[in-house]
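# Residue-level structural notes
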Amino acid sequence: MTTKMTANGVSTTTTPGTEQYETFYSAHRGKKISRIMYDYRDTDNELFSCVAPTLVECRRKRDEWLKNRKRPKP
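The sections below set out a description of the structure shown in this document.

The rules behind the values
- Residues numbered from 1 in each chain as written.
- Predicted model: local features only at pLDDT ≥ 70, side-chain atom pairs only at ≥ 80, totals over all residues.
- Heavy atoms only, no water.
- Pairing = 2+ DSSP bridges.
- Helix = DSSP H or I, 4+ residues; strand = E, 2+ residues; numbered from the N terminus.
- Expected span 1.5 Å × (residues − 1).
- Buried < 20%, exposed > 50% of the residue type's maximum accessible area, 1.4 Å probe, protein only.
- Arc of directions from axis to C-beta.
- Contact = heavy atoms within 4.5 Å.

### A short note on the pairing of strand 4 (residues 31-41)
With eleven bridges joining them, strand 3 (residues 18-28) and strand 4 adopt antiparallel strand pairing. Bridged to Glu19 within strand 4 is Tyr40. Between strand 3 and strand 4, which pair antiparallel one after the other, the connecting turn spans two residues, and Arg29 there sits at a positive phi close to 55 degrees. Summarising the sheet, strand 4 and strand 5 (residues 47-52) pair through six bridges and their orientation is antiparallel. For Tyr40, the partnering residue across the bridge sits in strand 5 and is Phe48. The antiparallel hairpin formed by strand 4 and strand 5 contains five residues in its connecting segment, where Asn45 sits at a positive phi of about 70 degrees.

### A few points about helix 1 (residues 55-68)
Under the 1.5 Å per step criterion, the end-to-end length of helix 1 is 20 Å for 14 residues, consistent within 8% with the ideal 20 Å. Taken together, the buried positions of helix 1 are occupied by Leu55, Cys58, Arg62 and Trp65. For helix 1, the buried positions fall inside an angular range of 80 degrees around the axis, keeping them on one side. For helix 1, exposure combined with an orientation more than 90 degrees from the buried face picks out Val56, Lys67 and Asn68. Against strand 3, strand 4 and strand 5 lie the buried residues of helix 1.

Structure follows, in C-alpha coordinates:
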(Lines give C-alpha, C1' and ligand atoms only; values in the text may rest on other atoms or scores of the structure.)
Protein backbone atom coordinates (compact mmCIF):
# COMPACT_ATOMS: atom_id res chain seq x y z
CA MET A 1 0.00 0.00 0.00
CA THR A 2 1.41 3.40 -0.94
CA THR A 3 0.39 6.43 1.03
CA LYS A 4 0.98 10.16 0.95
CA MET A 5 0.70 10.29 4.74
CA THR A 6 4.09 8.73 5.50
CA ALA A 7 7.63 8.96 4.22
CA ASN A 8 9.96 6.19 5.34
CA GLY A 9 7.45 5.22 8.04
CA VAL A 10 7.21 8.75 9.48
CA SER A 11 4.05 10.85 9.35
CA THR A 12 4.08 13.74 6.89
CA THR A 13 1.56 15.62 9.05
CA THR A 14 4.05 18.15 10.38
CA THR A 15 2.17 21.43 10.79
CA PRO A 16 0.58 21.82 14.25
CA GLY A 17 -3.21 21.98 14.16
CA THR A 18 -3.56 20.07 10.86
CA GLU A 19 -5.07 16.76 9.86
CA GLN A 20 -4.52 14.35 6.98
CA TYR A 21 -6.54 11.33 5.99
CA GLU A 22 -6.92 8.88 3.17
CA THR A 23 -9.08 5.92 2.31
CA PHE A 24 -7.65 2.47 1.82
CA TYR A 25 -9.28 -0.85 1.06
CA SER A 26 -8.70 -4.27 2.51
CA ALA A 27 -10.39 -7.64 2.29
CA HIS A 28 -12.30 -9.24 5.13
CA ARG A 29 -13.89 -12.63 4.57
CA GLY A 30 -13.78 -12.07 0.83
CA LYS A 31 -15.43 -8.64 0.98
CA LYS A 32 -13.69 -5.40 0.09
CA ILE A 33 -14.01 -2.93 2.97
CA SER A 34 -12.89 0.68 3.18
CA ARG A 35 -11.12 2.27 6.11
CA ILE A 36 -9.86 5.76 6.81
CA MET A 37 -6.27 6.27 7.96
CA TYR A 38 -6.15 9.53 9.94
CA ASP A 39 -3.36 11.70 11.40
CA TYR A 40 -3.76 14.88 13.44
CA ARG A 41 -0.87 17.01 14.70
CA ASP A 42 -1.88 18.84 17.88
CA THR A 43 -0.88 22.43 18.55
CA ASP A 44 1.54 20.97 21.14
CA ASN A 45 3.11 19.11 18.19
CA GLU A 46 1.90 15.69 19.46
CA LEU A 47 0.66 13.28 16.79
CA PHE A 48 -2.63 11.40 16.99
CA SER A 49 -3.20 8.56 14.50
CA CYS A 50 -6.02 6.10 14.05
CA VAL A 51 -7.85 3.90 11.57
CA ALA A 52 -11.64 3.78 11.54
CA PRO A 53 -14.50 2.99 9.16
CA THR A 54 -15.42 6.68 8.64
CA LEU A 55 -13.87 10.12 8.87
CA VAL A 56 -16.55 11.09 11.40
CA GLU A 57 -15.43 8.22 13.65
CA CYS A 58 -11.77 9.27 13.29
CA ARG A 59 -12.59 12.82 14.31
CA ARG A 60 -14.69 11.57 17.25
CA LYS A 61 -11.71 9.54 18.45
CA ARG A 62 -9.44 12.58 18.01
CA ASP A 63 -11.80 14.78 20.00
CA GLU A 64 -11.95 12.19 22.77
CA TRP A 65 -8.13 11.99 22.78
CA LEU A 66 -7.86 15.79 23.00
CA LYS A 67 -10.37 15.90 25.85
CA ASN A 68 -8.58 13.23 27.86
CA ARG A 69 -5.02 14.52 27.43
CA LYS A 70 -3.30 15.86 30.47
CA ARG A 71 -1.97 19.29 29.66
CA PRO A 72 0.82 20.81 31.72
CA LYS A 73 -0.25 23.62 34.01
CA PRO A 74 1.10 27.05 32.96
